[in-house]
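# Coordinate inspection notes
Each chain, letter by letter, is given below.
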Amino acid sequence: MEDLKKALWFADENFLVGLSNKGTYKRACKDVDGVIPDFDLSDNSATVRTGGETCTITVPLAESKCTCISRGICRHIIGAIIILRNNVEMPSQSEELQEEIDSVVNADIPETSEDVQSSPPESVPEEPQEEFLSERDVTKIHECVQQCLDTLGNIIKYGLVRIPESLPDMLEAVAVRCHALRMADAESNLRTIGSKLSDCIERRASFSMDSFINEICYCTGLLTELTAESLKPEQLGTFRQTYENYGKKLTILPVGQRSVNGDYAGEIYYFLNIDPYAEQRFFSISDVRPVFYDNRQKYFQANSFIWGLNTPIKNMMHSEMVLINAKVSNGKLSTSQETTVLTAYDAQIDCDEVRDMIYTDFRQLAVEISEKNPKTELDKMCFVQPEKCIENFFDKYSQQHVITLEDVNKNRISVRAKYSAENKDFIDLLESIGKKMLENPQKNYVFLATAYIYDGELTLFPIEVYDFIKKQYREPYELPEQYENIEVSAVYAEEILDFFTEVTDKITVIVRSGLQADIKNDHKLENMAFNYGLKGLSRIIGEFMESASSYRHRTDGDSTEVLLKMRTISDYIRHSRKKLAVITSLSNMKGSN
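Residues numbered from 1 in each chain as written. Predicted model: local features only at pLDDT ≥ 70, side-chain atom pairs only at ≥ 80, totals over all residues. Heavy atoms only, no water.

### Quick look at the layout of surface pockets
In this structure, the second largest pocket spans a volume of roughly 500 Å³. E279, Q280, R281, K372 and D379 are the residues nearest the centre of the second largest pocket, which is lined by 20 residues in total. Looking at the lining of the second largest pocket, the element that brings in the most residues is helix α11 (residues 362-372), giving four residues. Tallied by class, residues from the lining of the second largest pocket come to eleven nonpolar, three polar and six charged. (1 Å grid on protein atoms, 1.4 Å probe; cavity = no way out; pocket = protein on both sides within 12 Å on 5 of 7 lines; lining within 4 Å. Points joined across faces, edges and corners; volume = space filled by probe spheres on them. Helix = DSSP H or I, 4+ residues; strand = E, 2+ residues; numbered from the N terminus. Nonpolar A, V, L, I, M, F, W, Y, C, P; charged D, E, K, R; others polar.)

Structure follows, in structure tokens:
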């Protein structure tokens, strides 16, 4: 009984969120709010009846069970733990008790890791000691990594057409173990894969096979790096974003916002750093929360007050602000109360700082986006001024609204936004903007958008459209020397990219059907890669196809081995596509020189 009490004492909000996720925790809190407790206690467990289900709460808490259809940590289990915490007498805190709690509840946490505390320590060491992982820590991490790889290997072993219903719960289980071992990055990626797998099983339109395979390959690479004999805590990642002080006054100009809908809802607000010499020009604040359901109606409530202001963020989107003590993480601004708005005055978007950043030649944007090698949405953001609009239509096949734009040199690119029930209003607005551009070809428009190269074309995802910024005239842009003979290079680049598509299509077939299907290795792809001069890729494809085709005929078949080879091919193609993408995008713009 004492062990259970100790476990419950430790199960604060941070622990329960880690055991499940933020949405499940919030839903559980709502479910048990005001309910009459109904539970029985035994020596080292408790039986709790809640939400029409019966939960058996054991130590460790991660092994608790529920009678509902979920095989993982469901909202009923989290709710049951909350009920027990609110109704069972908790032990008082002491140093000896804290040590016992750590050993009972968090037995899998590396013994040298920083403990999660329900309250901040009374004092902070003046000189923090360098953290390290003991041999025992590394051994546990290696065991967890192998379990994770085995679970991912099961995906390609069975294939999506016959995937076991329990596999999403298996992914959740290994993600929970990763959390216990402070493997933050691995936990995050495994949960992402589990979410995408659930989308596939439930036949949701949002499921993307390419994205799913990329996530599996990325997670495989991440896990492989953790098999090294020597590991440092920072290699495991962090559970929360680390914000650093900007170091000086930061003047930000609000330039746009977009709505987020779905499981999470709210607004993302975008700002421009007016310092033209700053490395980070765009910043954002995400005011997004989980969406829950009450009587089948969605509701959303966000805490949108920041920096000690007595007005919501949306009301400040017309003011240029000077911040002191601003905290930033990868371009995301912290809403910390430590940040102070020194001054605020009316924002003027039609200003030199914005006009100097506007692209008028699409070729320049393609080259610079490629050279920048963007990693986040903010790295891809840009202002684009087209000369005119050519087309405005809804593509029923891809379920996207498309606006085709042309620049001063008759180069063409597309603005694309995928339709969903949640963003119907946004699609309607985009259609209206395209219609106005066609009806008023003399009027100047500037897009705030994220730019990316997909399927050989430079494409924009729109955030805001301005019709009041003065038209910009630039000196003619000259392509870098390596792109001067683009027509010749593009022919070869297109052939290689088409070949890469054949390879990824083959991988897709294997992931769909599974390694237990009859996979034939006709050496076609291997020979094609060799003939294109891609000898390294030819060897990798040969090894992958040999392992995949022989798997069902072997008693010692190793799906993890096939998974690792698939990841190697994916990395090779991803890096190569980046190099070839700019060539094909320049070629696909009509009027490229």
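### A closer look at the packing of helix α3 (residues 22-32) against helix α4 (residues 75-87)
Contact geometry for α3 and α4: axes closest at 8 Å, N-to-C directions at 60°. Judged on the interaxial angle alone, α4 and α3 are oblique. As α3 runs across α4, the sense of the crossing is right-handed. When α3 is examined against α4, the residues T24, Y25, R27, A28, C29, D31 and V32 are found in contact with a partner set consisting of R75, I78, G79, I82 and I83. For the contact of α3 with α4, a count of residues per class yields seven nonpolar, two polar and three charged. (Axes fitted to C-alpha atoms, helices over the stretch in contact; angles between N-to-C directions. Parallel < 35°, antiparallel > 145°, perpendicular 65-115°, else oblique. Left-handed = near helix turned anticlockwise from the far one by under 90°. Contact = heavy atoms within 4.5 Å.)

### Quick notes on the pattern of salt bridges
Under the definition given, this model contains 24 salt bridges. The salt bridge involving D38 is made with R49; its shortest N-O contact spans 3.0 Å. In this pair, D38 is assigned in the loop between α3 and β1 (39-41) and R49 in strand β2 (residues 45-50), connecting sequence segments eleven residues apart. Its relative accessible area of 31% is what places R49 among the partly exposed residues. For D428, the salt bridge goes to K424, with nearest N and O atoms at 3.0 Å. With D428 and K424 both in helix α12 (residues 424-439), this residue pair falls four residues apart, about one helical turn. A single network of salt bridges, built from pairs that share partners, joins R27, D31 and R75. (Salt bridge = Lys/Arg side-chain N within 4 Å of Asp/Glu carboxyl O. Buried < 20%, exposed > 50% of the residue type's maximum accessible area, 1.4 Å probe, protein only.)

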